[in-house]
Amino acid sequence: MTEEAKRERLIPPGAEELFVDVQTGRVRVLRSTGDHPAATPLLLVHGGGTDNAAISWYRLFDALGSGRAVYAVDLPGFGYTEIDPVGGPDAQADFVAGVAEALGLDRAIVAGVSMGGDVALNLALRHAERVAGLVLIGPGGLIPLLRNRWTHTAAWMMSVLPDWAMDPLARLANRYVDAVIRTMVKDVDTLPPEVRREFVEEARRRSTSMGYRRYNQATLGRRGMLNNLLPVVGSIEVPTLFFHGEDDPLVDPRGSREATNRMPHATLAMVPNCGHWAQLEAHDRFLRELDQFTDEWSL
């Protein structure tokens with residue numbers, strides 16, 4: 001890739017880009033530029049749609065990297081990772097575990113937003129030895145049904161359409177991705193303009209959103225969610241912080257509340273006047289909550 005092309009894509013302040021080779025291909029990773037070996041590292045997992053590591057963590061990377069090593073991974077089918085989508089959150093968790101091994105991360109605080117929260121929960125269930133703590137921002141994977149029966153059935157019917165039928169629909173929807181952003185957040189002016197531009201550009205670059213499509217196909221069942229982890233989250237014993245926008249229109253905050261009640265070492269920060277991208281919309285509150293969380297558990 002040319003230096004000009006590299007300059008065009010978004011790199012958060014305080015981050016550098018590297019590519020890691022794993023068995024299935026090359027993974028794009030953002031890494032903090034400082035070196036803080038004494039503190040538990042942070043491993044960040046982005047959300048779905050046309051998200052990537054730079055978008056989800058743009059506003060926070062510099063601050064997070066001031067006291068510890070920070071890594072953010074582009075999942076398969078997202079961003080600049082050169083690997084085909086792997087499917088649902090369990091397969092994505094296995095992939096993240098493999099990347100962590102390639103990076104030499106024995107244990108980390110794993111933070112995930114939305115779909116990435118679902119991946120982080122699965123990582124704690126499937127690879128507990130690698131997870132020192134969890135930070136879950138509006139996480140998926142904690143509801144039995146998508147909103148209501150009618151909405152769920154409609155979403156399931158869309159998910160089972162063949163790719164040849166979905167591709168033109170995805171391209172049409174991505175023409176209006178800037179309008180979609182406005183439905184995700186409480187106040188669009190809280191978002192950095194760089195993030196909004198990158199989200200739109202990512203939709204144009206990956207017009208069919210294949211990574212997120214494969215995730216939806218793996219998690220949307222005909223009569224309910226196939227990734228509902230509420231029955232098993234009580235077995236996750238690592239310290240966990242839930243951070244959820246009170247006005248999240250995409251992921252029901254009741255899932256975070258219920259999971260907090262079921263997990264032995266979980267706390268919930270419910271953020272008023274905040275939508276789905278809570279770590280971007282309420283970044284100062286997020287940093288305070290994270291500092292308190294890591295201090296309390298000596299992470």
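In this text, all values refer to a predicted model and were calculated from it rather than measured experimentally.

Calculation notes
Residues numbered from 1 in each chain as written. Predicted model: local features only at pLDDT ≥ 70, side-chain atom pairs only at ≥ 80, totals over all residues. Heavy atoms only, no water. Pairing = 2+ DSSP bridges. Helix = DSSP H or I, 4+ residues; strand = E, 2+ residues; numbered from the N terminus. Axes fitted to C-alpha atoms, helices over the stretch in contact; angles between N-to-C directions. pLDDT = per-residue confidence, 0-100. Contact = heavy atoms within 4.5 Å. Expected span 1.5 Å × (residues − 1). Salt bridge = Lys/Arg side-chain N within 4 Å of Asp/Glu carboxyl O. Buried < 20%, exposed > 50% of the residue type's maximum accessible area, 1.4 Å probe, protein only.

## A short note on the sheet that holds strand S8 (residues 266-271)
Then, in step 1: Pairing within the open sheet is mixed, and its eight strands lie in the order S1-S2-S4-S3-S5-S6-S7-S8. Among the strands making up the open sheet, the edge pair consists of strand S1 (15-22) and S8. Across the sheet, the mean angle separating the axes of adjacent strands is 20 degrees when strand polarity is ignored.
Then, in step 2: Here strand S5 (residues 108-113) runs beside strand S6 (residues 131-137); their pairing, made up of six bridges, is parallel. Bridge pairing in S6 places Ile109 opposite Gly133.

## Digging into the confidence of the model for the protein
Then, in step 1: On average, the protein scores 92 in pLDDT, and the residues at 70 or more come to 96%.
Then, in step 2: Predicted confidence for residues 1-7 stays below pLDDT 50, and this span has three contacts to residues more than four positions away or in other chains.

## Re helix H4 (residues 89-103)
Then, in step 1: End to end, H4 covers 21 Å across 15 residues, agreeing with the expected 21 Å (1.5 Å per residue, within 8%).
Then, in step 2: Its buried side turned inward, H4 meets S1, strand S2 (25-32), strand S3 (42-45), strand S4 (70-73), helix H5 (115-126) and helix H10 (210-219).
Then, in step 3: Two residues or fewer after H4 comes Gly104, characterised by a positive phi angle close to 80 degrees.

## A few points about the pattern of salt bridges
Then, in step 1: Taken as a whole, this structure holds 15 salt bridges when the rule is applied.
Then, in step 2: With a shortest N-O distance of 4.0 Å, Arg130 and Glu101 are connected by a salt bridge. Of the two residues, Arg130 sits in the loop between H5 and S6 while Glu101 sits in helix H4, which places them 29 residues apart along the sequence.
Then, in step 3: Given a relative accessible area of 18%, Arg130 falls into the buried group.
Then, in step 4: Classification of Glu101 as exposed rests on a relative accessible area of 56%.
Then, in step 5: We note a salt bridge from Asp163 to Arg214, for which the minimum N-O separation is 2.6 Å. You can see Asp163 sitting in helix H7 (residues 163-174) and its partner Arg214 sitting in helix H10, a full 51 residues away along the chain.
Then, in step 6: On the basis of relative accessibility, which here comes to 25%, the residue Arg214 falls in the partly exposed class.

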